[in-house]
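Structural description and commentary
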Amino acid sequence: MRKYIVKRTLISVLILACVSFIIYSLLRCLPSSYVENMAMQLSALPGAKPYEEWLAQLNAAYGLDKNIFMGYLTWLGDAVRGNFGDSWKYTMPVLQKFNEVIWLSFIMGAISFVIQLAIAIPLGVIAATKQYSRTDYAISAGALVGISLPTFFFATILKLIFSVKLGWFDLYGLVGRDYAQLDAMGQFLDKANHLVLPIVTLVIVSVGSLMRYTRTNMLEVLNADYIRTARAKGLSEKKVIYQHAFRNTLIPLVTIVGGSLPGLFSGALITETLFSIPGIGFTSYQAMTSGDIPFAMFYMTFLAILTLSGNLLSDILYAVVDPRVRIA
């Protein structure tokens, strides 16, 4: 296992280097950037230098006057030392801005993830044990609706009903108008109130796939030979399902859950943008639309690290929870 982990880690590092180079190349090839916009604004000032001079000066200041490969090596050398530069849009170090917004996204993701597990796993088991019944059809239909319809649709419907029609929640933002006048508990409740609809949106669009996955794996286990043997021995249906079948259903679910854990730090770009929640997803979207190469480069590399870590964690957890798996 130790040799396997070391080997996978080294492969992941190599893949990360390739992915980061591709990301850097794509960002450098964008048709417009923050530097060009800044040069245009500065050249429009009275008595200013021409646009071409400003552009050359700013490119030299931000290291964009080098070719893509040399520029990437410069960025990589700084990144290894933990220096990702200053954000062009937010005018502060990238890591400082990242630390300000990441925890809000993590809290949203963690709460929605726990709710998702609490809903999807029991309903998936119920649908499997009552296959082809009305309950199974209702659960499957709800899961398919959640999988099929896009995030912006659910978010719009929720805002229309609960914000516009009922007025229970604000349409946008993390805090209300009277936030500064509230005490500590009032401020906490105000933020919690603004996070209800984004969290509900994340749960709705994510719970369906896990529910279907649980149902499929449960049905596969229920049709196994050892389940028929357990029933033939006279065990109650409750023991057969929850002490034999469900425990083996958890094996693939653990790998799915393990692979989802790094995603708690990646943010929900669409949901945060729709509700104007200043998490890492919304912040990175604003940075990308502004041509903020330092922050966008860091965020995309961060997502690559999370993806590789999730895959590695899933493989390790699968080997841990399933004694039949042995890695030479």
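Residues numbered from 1 in each chain as written. Predicted model: local features only at pLDDT ≥ 70, side-chain atom pairs only at ≥ 80, totals over all residues. Heavy atoms only, no water.

On to the environment of leucine 26, then. You can see leucine 26 is positioned in helix α1 (residues 2–28). A sequence separation of 125 residues divides leucine 26 from threonine 151, and the C-alpha atoms of the two residues are 27 Å apart. (Helix = DSSP H or I, 4+ residues; strand = E, 2+ residues; numbered from the N terminus.)

Running from N to C, α1 and helix α4 (residues 68–80) point in directions that differ by 120°, and their axes come no closer than 10 Å. By the angle between their directions, the pair α1 and α4 is classed as oblique. As for how α1 packs across α4, the hand of that crossing is right-handed. Every residue of α4 that contacts α1 at Ala17, Ser20, Phe21, Tyr24, Ser25 and Arg28 is listed here: Ile68, Phe69, Gly71, Tyr72 and Trp75. Its residues placed into classes, the contact of α1 with α4 shows seven nonpolar, three polar and one charged. (Axes fitted to C-alpha atoms, helices over the stretch in contact; angles between N-to-C directions. Parallel < 35°, antiparallel > 145°, perpendicular 65-115°, else oblique. Left-handed = near helix turned anticlockwise from the far one by under 90°. Contact = heavy atoms within 4.5 Å. Nonpolar A, V, L, I, M, F, W, Y, C, P; charged D, E, K, R; others polar.)

Under the definition given, this model contains four salt bridges. Glutamate 100 is paired through a salt bridge with lysine 97; the nearest N and O atoms lie 4.0 Å apart. Remark: lysine 97 and glutamate 100 occur in helix α5 (residues 94–129); sequence separation between them is three residues, near one turn of the helix. On the accessibility criterion, glutamate 100 (47% relative accessible area) is partly exposed. Since its relative accessible area comes to 14%, lysine 97 is described here as buried. Linking aspartate 225 and arginine 228 is a salt bridge whose minimum nitrogen-to-oxygen distance equals 2.2 Å. Placement of the pair is aspartate 225 and arginine 228 together in helix α9 (residues 225–232), with a separation of three residues, close to one helical turn. (Salt bridge = Lys/Arg side-chain N within 4 Å of Asp/Glu carboxyl O. Buried < 20%, exposed > 50% of the residue type's maximum accessible area, 1.4 Å probe, protein only.)

Once that is clear, we can look at the side chain of serine 163. For serine 163, the position within the fold is in helix α7 (residues 151–165). When sequence neighbours within four positions are dropped, the list of residues in contact with serine 163 reads Leu158, Phe169, Asp170, Leu171 and Leu197.

Right, let's talk about the nonpolar core for a bit. In this structure, Leu195, Met211, Met218, Leu222, Ile227, Ala245 and Ile277 are the most contacted members of the largest nonpolar core, which totals 36 residues. Those elements that provide at least two residues to this core are α5, α6 (134–148), α7, α8 (184–222), α9 and α10 (237–260). Leucine 195 has contacts with Leu104, Met108, Leu174 and Ile277, leaving out every residue within four places of it along the chain. Listed in part, the 22 residues of the second largest apolar core include Tyr72, Trp75, Phe84 and Met92. (Core = buried A, V, L, I, M, F, W, Y, C linked by side-chain atoms within 4.5 Å.)

It is worth spelling out the packing of aromatic side chains at this point. The full count for this structure, using the stated rule, is 14 aromatic pairs. For the ring pair phenylalanine 21 and tyrosine 72, a centre distance of 5.1 Å and an interplane angle of 80° mean the geometry is edge-to-face. Of the two residues, phenylalanine 21 is situated in helix α1 and tyrosine 72 in helix α4; the sequence distance between them amounts to 51 residues. For phenylalanine 21, a relative accessible area of 30% translates into the label partly exposed. Feature note: the residues Phe21, Tyr24, Phe69, Tyr72, Trp75, Phe84, Phe98, Phe298 and Phe302 constitute an aromatic cluster, connected by ring pairs. One cation-aromatic arrangement involves lysine 89 over tyrosine 90; the distance from NZ or CZ to the ring centre is 5.7 Å. The ring of tyrosine 90 has lysine 97 sitting right over it, with the charged end atom 4.5 Å from the ring centre. (Phe/Tyr/Trp six-rings, centres within 6.5 Å; stacked < 30°, edge-to-face > 60°. Lys NZ or Arg CZ within 6 Å of the ring centre and 35° of its normal.)

Turning to the confidence of the model for the chain, a few remarks are in order. Summing up the model confidence of the chain, the mean pLDDT is 82 and the portion of residues at 70 or higher is 92%. Mean pLDDT per element in the chain: α10 is the minimum at 75, and α5 is the maximum at 89. (pLDDT = per-residue confidence, 0-100.)

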